[in-house]
Structures are given as structure tokens and as C-alpha cells.
Amino acid sequence: MRMNRLYIGTGMLGMLFFAACSQNDVPGNEISGSAEMRIYTDVARADGEGTDAGSTANDAVFLFWDFGDVLGNAANPNPLHVKYPKEHIDTYKRPNEPYNTGELYPDGNRRVMATGYAPATLTPEKRTDNTHNYERLTIPKDSLCKTDVLTSITPIVASAALPFDREDGETLQFMHAQSRVYFYAKLAENAEEYLKNVRIKLSPTVVATHVEWDRKQSLYVPQADHGEEDSGYTLTQPSDLMLAAENPLEVGWAYIVPGQTNLSVEVTVARGESAEATEWKDFTVEPTFEFMIERDAGDDWDKGKNKNTLYANESYIFTLVFSEEGIELIGNKCPWEEGGYLIIPIYPLTD
């Protein structure tokens, strides 16, 4: 597992899928829709390693679009088929059996575009005509910051003449649409403090409430409805243990909107006069953490990425270090343990 050491200071406290669209159309080749649509899928971890079953990829949704509608930028297009596979995405990776939709390719060698997202609990917006708008998906309110949203990264196109599951066909791949952050807390060396019950409130600006299809990037992008001041998300230390200089205690974890160049949080902690204190008093600080992430310019995964930015499909471990002077944040970028890449372009053409 490749671990990048990073230090985070505080203030105090046109798309690639056109190759897939090449159908080598032969005049007069009007194949009837007699073949079932079967596709191969895959979920790739951010560190390039394989993934294990168990992520929200279990609840994926596969969408199949008439490519003519999409290419023509049709207003309010509806998918030809919306499918809910019963198995984990990786079940259908090569050399396993592909996912079989049970649906036939359209007649006349019409091309079909496959896309998708996860989890299935994301709710498509309902239009005034009662059809579903799959360009905007809402995250359930009780699952904010806890929903591992997966989005497709490259659409794939096929027809009865050149089916999805042909030997040299493309694979429907998925990625994490958000950044994942873990928070731990500890005391600084030689700090004479008695602290426990750490709470970290994230700003509403980093809490994704829905995802929207980005036509230029050809993937789903998490968005935050900034709403009211108290609409942030709070991570609460699950144990009543006191902080120590060794063995940092877990405070919690969350999925957040990627692209952050700093993180403004509200940190509350209970302080006592001694380890045996019967009264503990809360105090709160509001630091803004600035990022400076060590990246390897020679590594394909880090190439072109800014050192001060949190990216989608990346996972981070942050440790808050409490001292009498304030708080500092030390962290590691770490591999994503499960999850990976997925696809969903409704309007695949850039402006």
C-alpha cells in the first residue's frame, strides 16, 4: 500500500468514448434486434488494485440510452432501459459472465449507450411530466456524508452488429465521485491536557446533497445545497476515552465534495481539570486547515494534481493534534479500500 506523507498546516486553530462509438458502419448492414444486451463491468480502486465485494456498488443502476437521442442532444431524454443488477459490479468483470439485461438491441443496428451510477438509493429528479431526470440525483437526507456515490467515467456504445460483450469490447467502469476523509484525535507530546468527546462539524459547503451530470467531464459531480447554517454534518467521537499522546482515537469519517483547497471546521472538545474530574467543560474553536499534499510527479495517479487539493476517488486520514497552543492537523493519503469506477453521460457532447 503506497502511503504519501503529508503535512497540513492550520490557521490556528469531446469525449474519450468516441473510440467506443466507432461502429465501422457497413451500408445496408441493418441487423435486427435479435441479440440480448450483455455488458462487462468493473470497479477499480484508486490505487489501481482490485476491489472486494461489499461496497455500495452492490446497489448499482445501469442505464441504457438511445445513442441517437443523446448525440442529437434531445431535450429531456429518457433511458431505453433502467436496470438494477442483483450482484456486485465485479461479478460481471472479465473473464466472468457479463451482465445480461434481458433486453434486445434495437432494430436497424441502432446504437445504444450504457451508463450507470450507484447506489440505487439516489433519487432521480421528477420532471413536471412525471418522467425522471437522470441528470440530477438526490442523496437521501439521512445518508448525507455516509453515501459512497459512484459515477461512470467513460460511456460505452454498442449495437447488435458490434455488441457490448464482444471480445475486444469496452468495459463499463466506475469511480468514487467524492473525497473520503477519516478524522482521528490525539494529544501533542508532553501536553498536560485532559480532553475527550471530540466533535467535528463540517461546513454545509462540503456536504453533498445531490449529484449532477457534468456534460464537459462526462461524469456525475457532487453538489452542496448550502442551505442553513446548521445544515452541516457533525462527526462525534464514539468512545468516552480521553485523548492521549499515543494511539490516536477515531472521531469519525465522511464523504465530502471534492476539490477542496482548505477545510473550515468547528471543533468542540470537553476539557477536565484531571483524569478523575466529575465536571467537563466544552470549548469550541473554528480552524481552517490548509492542505499541502506530497505528490509524485512521476506517478500516473498523482500526475497533474495540485498539492493543495482533495480529489474525487481519493481517501485521506487526518489526525488532529491538540496542544495548549492550538490544533494542528497531520495526515496521510491512503488507498481506497473498496469502490472505484462507474459511467453516466446523458448529454455526452461538450459545448
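A. Representation of the overall build of the chain within the structure. Regarding its fold elements, the chain presents 2 helices and 24 strands. In the chain, which comprises 351 residues, the share counted as buried stands at 50%. Roughly 16400 Å² of accessible area belongs to the chain as shown, and the carbon and sulfur atoms make up 46% of that amount.

B. Structural view of the packing of aromatic side chains. Tallying each qualifying case throughout the model produces 13 aromatic pairs. Residues Trp65 and Tyr134 carry aromatic rings whose centres are separated by 6.5 Å and whose planes lie at 85 degrees to one another, so their mutual orientation is edge-to-face. Placement of Trp65 in strand β5 (residues 61-66) and of Tyr134 in strand β10 (residues 132-138) is noted, with a sequence separation of 69 residues between them. Residues Tyr117 and Tyr220 carry aromatic rings whose centres are separated by 6.0 Å and whose planes lie at 85 degrees to one another, so their mutual orientation is edge-to-face. Of the two residues, Tyr117 is situated in strand β8 (residues 112-118) and Tyr220 in strand β17 (residues 219-223); the sequence distance between them amounts to 103 residues. For the pair Tyr117 and Tyr220, one class covers both residues: buried.

C. Structural detail: the nonpolar core. Ranked by size, the top nonpolar core spans 57 residues in total, and within it Phe183, Val198, Leu202 and Phe322 carry the most contacts. One finds Phe62, Tyr99, Ala160 and Phe164 within the second-largest nonpolar core, a separate group that totals 20 residues.

D. Spotlight on the sheet that holds strand β9 (residues 123-126). Strand order in the open sheet formed by 4 strands is β9-β10-β16-β17, with antiparallel pairing between adjacent strands. In this open sheet, the two strands that pair with only one neighbour each are β9 and β17. On average, adjacent strands in this sheet sit at an angle of 50 degrees to one another, irrespective of strand direction. Of the strand pairs in this sheet, strand β16 (residues 210-214) and β17 are connected by 5 bridges, and their pairing is antiparallel.

E. Quick look at the environment of Tyr84. The topology assignment puts Tyr84 in the loop between β6 (81-83) and β7 (99-104). With 36 residues separating them along the chain, Tyr84 and Ala120 place their C-alpha atoms 7.7 Å apart. For Tyr84, the contacting residues outside a window of four places in its chain are Ala60, Val61, Tyr99 and Ala120.

F. Structural detail: the pairing of β16. Where β10 and β16 come together, 3 bridges link them in antiparallel fashion. In the sheet register, Leu137 faces β16, and the bridge partner there is Val211. Connecting β16 to the next strand, β17, in antiparallel fashion are 4 residues, including Ser218 with a positive phi near 60 degrees.

G. Region of interest: the pairing of strand β3 (residues 36-39). Along β3, the buried face is formed by Met37 and Ile39; none of Glu36 and Arg38, which line the opposite face, is buried. Sheet topology note: the β3/β7 ladder contains 3 bridges and is antiparallel. Residue pairing in the sheet places Arg38 in a bridge with Asn100 of β7.

H. Looking closely at unusual backbone geometry. Cis peptide bonds are those with omega within 30 degrees of zero, and the linkage from Arg94 to Pro95 qualifies with 5 degrees. On the secondary structure map, Pro95 appears in the loop between β6 and β7. The backbone phi angle of Asn130 is positive, close to 70 degrees, even though this residue is not glycine. With respect to the helices and strands, Asn130 occurs in the loop between β9 and β10. Owing to a relative accessible area of 57%, Asn130 belongs among the exposed residues under this scheme.

I. A look at the pattern of salt bridges. Tallying each qualifying case throughout the model produces 13 salt bridges. Glu212 is the partner of Arg136 in a salt bridge, and the nearest nitrogen-oxygen pair spans 2.8 Å. Taken as a pair, Arg136 in strand β10 and Glu212 in strand β16 lie far apart in primary sequence, 76 residues in all. A residue is classified by how much of its surface remains accessible, and Arg136, at 24% relative accessible area, is partly exposed. Residue Arg271 is joined to Glu193 by a salt bridge in which the shortest nitrogen-to-oxygen separation is 3.2 Å. With Arg271 in strand β20 (residues 262-271) and Glu193 in the loop between β14 (179-187) and β15 (195-202), this residue pair connects regions lying 78 residues apart in the sequence. Judged by relative accessible area, which is 38%, Arg271 ranks as partly exposed. Here the salt bridges share partners, and the residues they tie into one network are Arg38, Glu97 and Asp165.

Quick notes on the rules
Residues numbered from 1 in each chain as written. Predicted model: local features only at pLDDT ≥ 70, side-chain atom pairs only at ≥ 80, totals over all residues. Heavy atoms only, no water. Helix = DSSP H or I, 4+ residues; strand = E, 2+ residues; numbered from the N terminus. Buried < 20%, exposed > 50% of the residue type's maximum accessible area, 1.4 Å probe, protein only. Areas by Shrake-Rupley, 256 points an atom, 1.4 Å probe, with all protein chains shown as cover. Phe/Tyr/Trp six-rings, centres within 6.5 Å; stacked < 30°, edge-to-face > 60°. Core = buried A, V, L, I, M, F, W, Y, C linked by side-chain atoms within 4.5 Å. Pairing = 2+ DSSP bridges. Axes fitted to C-alpha atoms, helices over the stretch in contact; angles between N-to-C directions. Contact = heavy atoms within 4.5 Å. Salt bridge = Lys/Arg side-chain N within 4 Å of Asp/Glu carboxyl O.

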